[in-house]
Amino acid sequence: MGGFEHYLSIFTKAVFIENIVLAYFLGLCSFLAISKKIDASVGIGMAVVVVLTITAPINWFINTYFLDKGALVWLSPDFIDVNLDFLRLIVFISVIAAMVQLVEMFMERFSQALYSSLGIFLPLIAVNCSILGGSLFMVEREYNLTETIVYGFGSGFGFFLAILALASVRYRLRYSNIPPRLRGVGMAMLLTGLLSMAFMAFSGIDL
Amino acid sequence: MEIFNSESKKIISDPLSINNPISLQVLGICSALAVTIRLDQAIIMTIAVIFVLCSSNVILSALRNFIPNRVRIVVMLSIIASLVTVVDQVLQAYLYDMSKQLSVFVGLIITNCIIMGRAEAFALKHGPSKAFLDGLGNGLGYGMIIIIVSFFRELFGAGTITLPNGGAGYELFSIPEAWYAAGYENIGLLVLSPGAFFILGLVIWTQRELFGIEEGE
């Protein structure tokens, strides 16, 4: 384990092969609702990248030093059998909600321009499944800290790419003749299916 | 109070038809697709979602006058997260194989938009008994769609129909060998993720044709 190539491989896997939207169906609610407009898609895509890159490592620390089986052993050797992993869900979601709030306040204070473009999307993504999903996958795959950071950033970037692609396709579709009752979500689903098929072409790649 | 009057019936039946949470309100699609590879996974997931949705609706509706408006999201999230933890622990205790197969998607019921959406739109404005019916109706509406999707994905993708039975599942039906010998083939694409998007897209289209609903874009 180790080396630049190993991290590059995790990154490409997270972006293309196991894209969090197109292969794992996470974050679809905001994916479908917001991809009607390109500007908004770029906004939420960037917000997801920022929040995933921040929350995944924080949840990694909490999981490794507090929640995992035997994680509290640094406090006292008696705690070797303590296993708090049933608290994982509630702690992760609280950390995510708190971090989103914090990022929002930080942005408002230090960068008005960034706040006005990303601000309205931040509360939305607190309940976006891709953020919690990223943290849960990180636990399930037993990543170390660097891998977690790379994975968090990669998944966020994958979401960004996917929503930008869908928004662009939907923009072009505006002038096409779709059966009226297929318009909207139905068509977006079929298009996502096609995008997902396109991304499957990457599945053989192994760095 | 009459529990089966026409208003209560409407609360239950609307989510099954003209106000379906997945196909018309577009909530909770995230988990809907991931667990539809096999029918038994979809059925267990439906039961879990109905349990969480009904309980969270009742609890939040009973507490609705005590929750300050500014912190309601955090309160909602913590109540929902506790309920989901209960479901997760029960699954790990009694259906361990199933909980391994559903992996992170049980935990992701927390961020399933149906639960937050119904709490926000209904439970915080109505009494507990109505909120319970609303939870039941929306849970059933969610279950209906994912059961339809998983039925087609499993039947045409893997050639079987599996009902829940412990962890491994009970195979109710599988396409006979003679068919394969005669040249029938499973559609491998349906088992992969694009298949889920296509089937759900077609289900949404069919449902909108049936109820005559159009979406302005």
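Residues numbered from 1 in each chain as written. Chains lettered and ligands numbered in written order. Predicted model: local features only at pLDDT ≥ 70, side-chain atom pairs only at ≥ 80, totals over all residues. Heavy atoms only, no water.

S.K.: Could you give an account of the interface of chain A and chain B, with specific residues and numbers?
M.R.: The partner chain B presents 42 residues to the 41 residues of chain A that form the contact. Summing both partners gives a buried area of about 3,600 Å² for chain A against chain B, and 77% of it is carried by carbon and sulfur. Applying the counting criterion to the chain A and chain B interface returns one salt bridge. Here Glu209 of chain B and Arg181 of chain A are joined by a salt bridge, their closest N and O atoms 3.3 Å apart. Between chain A and chain B we count two residue pairs in polar contact (both at pLDDT 80 or more) in total. When residues of the side of chain A that touches chain B are traced back to their parent elements, those giving at least two are α2 (28-34), α4 (88-110), α7 (129-140) and α9 (185-200) of chain A. With ten residues, α9 of chain A is the largest single contributor of residues to the side of chain A that touches chain B. Among the residues forming the side of chain A that touches chain B, the class breakdown is 28 nonpolar, eight polar and five charged. (Contact = heavy atoms within 4.5 Å. Buried area = accessible area lost by both parts, 1.4 Å probe. Salt bridge = Lys/Arg side-chain N within 4 Å of Asp/Glu carboxyl O. Polar contact = N/O pair within 3.5 Å; in protein donor to acceptor, adjacent residues only side chain to side chain. Helix = DSSP H or I, 4+ residues; strand = E, 2+ residues; numbered from the N terminus. Nonpolar A, V, L, I, M, F, W, Y, C, P; charged D, E, K, R; others polar.)

S.K.: Give me the pattern of salt bridges: which residues, what numbers.
M.R.: Residues and elements named next belong to chain A. According to the stated counting rule, one finds seven salt bridges over all chains in the structure shown. Across the pair Asp68 and Arg88 runs a salt bridge whose closest N-O atoms are separated by 3.2 Å. Of this pair, Asp68 sits in the loop between α3 (38-67) and α4 while Arg88 sits in helix α4; the two residues are 20 residues apart in sequence, bridging distant segments of the chain. Judged by its relative accessible area of 30%, Asp68 is partly exposed. (Buried < 20%, exposed > 50% of the residue type's maximum accessible area, 1.4 Å probe, protein only.)

S.K.: So what's going on with α7 of chain A? Which residues, and what values?
M.R.: For α7 of chain A, with twelve residues, the first-to-last C-alpha span of 16 Å sits near the 16 Å given by 1.5 Å per residue. Close packing links the buried residues of α7 of chain A with α3, α4, α6 (122-126) and α8 (145-173) of chain A together with α2 (29-34) and α6 (104-107) of chain B. One or two steps after α7 of chain A, the chain reaches Glu142 of chain A, where phi turns positive at roughly 55°. (Expected span 1.5 Å × (residues − 1).)

S.K.: Describe the nonpolar core, naming the residues involved and giving the relevant values.
M.R.: General note: in soluble globular proteins, nonpolar side chains tend to be found buried as a group. By size, the foremost hydrophobic cluster in this structure holds 113 residues, and its most contacted members are Leu28 and Phe31 of chain A together with Ile29, Leu33 and Leu200 of chain B. Among the elements that line this core, the one with the most residues is α4 of chain A, at ten residues. Those residues in contact with Phe31 of chain A that sit more than four places away from it in its chain are Val21, Phe159, Ala162, Ile163, Leu166 and Thr192 of chain A. (Core = buried A, V, L, I, M, F, W, Y, C linked by side-chain atoms within 4.5 Å.)

S.K.: Account for the confidence of the model for chain B, with residues named and values stated.
M.R.: Residues and elements named next belong to chain B. For chain B, the average pLDDT comes to 84, and 95% of its residues sit at 70 or higher. Summarising per-element confidence for chain B, the mean pLDDT is lowest in α2 (76) and highest in helix α3 (residues 39-62) (91). In the predicted assembly, ipTM is 0.83 and pTM is 0.85. (pLDDT = per-residue confidence, 0-100.)

S.K.: Outline the side chain of Ser130 of chain A, supporting the account with residue identities and numerical values.
M.R.: All names here are of chain A. Mapping Ser130 onto the fold places it in helix α7. Overall, the relative accessible area of 0% leaves Ser130 in the buried class. Those residues in contact with Ser130 that sit more than four places away from it in its chain are Ile20, Leu26, Gly27, Val48, Leu52 and Phe159.

S.K.: Just give me the short version of the packing of helix α4 (residues 72-94) of chain B against helix α7 (residues 113-123) of chain B, but keep the residues and values in it.
M.R.: Residue and element names in this part refer to chain B. The contact between α4 and α7 brings their axes to 11 Å, and the two run at 130°. Taken together, the axes of α4 and α7 lie oblique to each other. With respect to the hand of their crossing, α4 and α7 are arranged in right-handed fashion. Taking contact as the criterion, the partners of Arg72, Ile73, Met76, Leu77 and Ile80 in α4 are, on α7, Ile115, Met116, Ala119 and Glu120. Partitioned by chemical class, the residues of the contact of α4 with α7 number seven nonpolar, no polar and two charged. (Axes fitted to C-alpha atoms, helices over the stretch in contact; angles between N-to-C directions. Parallel < 35°, antiparallel > 145°, perpendicular 65-115°, else oblique. Left-handed = near helix turned anticlockwise from the far one by under 90°.)

S.K.: Kindly report on the packing of α9 of chain A against helix α10 (residues 193-211) of chain B, identifying the contributing residues and their values.
M.R.: Where α9 of chain A contacts α10 of chain B, the axes come no closer than 8 Å and their chain directions differ by 170°. Classed by the angle they form, the pair α9 of chain A and α10 of chain B counts as roughly antiparallel. As α9 of chain A runs across α10 of chain B, the sense of the crossing is left-handed. On α10 of chain B, the residues touching Val185, Gly186, Met189, Leu190, Thr192, Gly193, Leu194, Ser196, Met197 and Met200 of chain A of α9 of chain A are Ser193, Pro194, Phe197, Phe198, Leu200, Gly201, Leu202, Ile204 and Arg208 of chain B. Residue composition of the contact of α9 of chain A with α10 of chain B, by class: twelve nonpolar, six polar and one charged.

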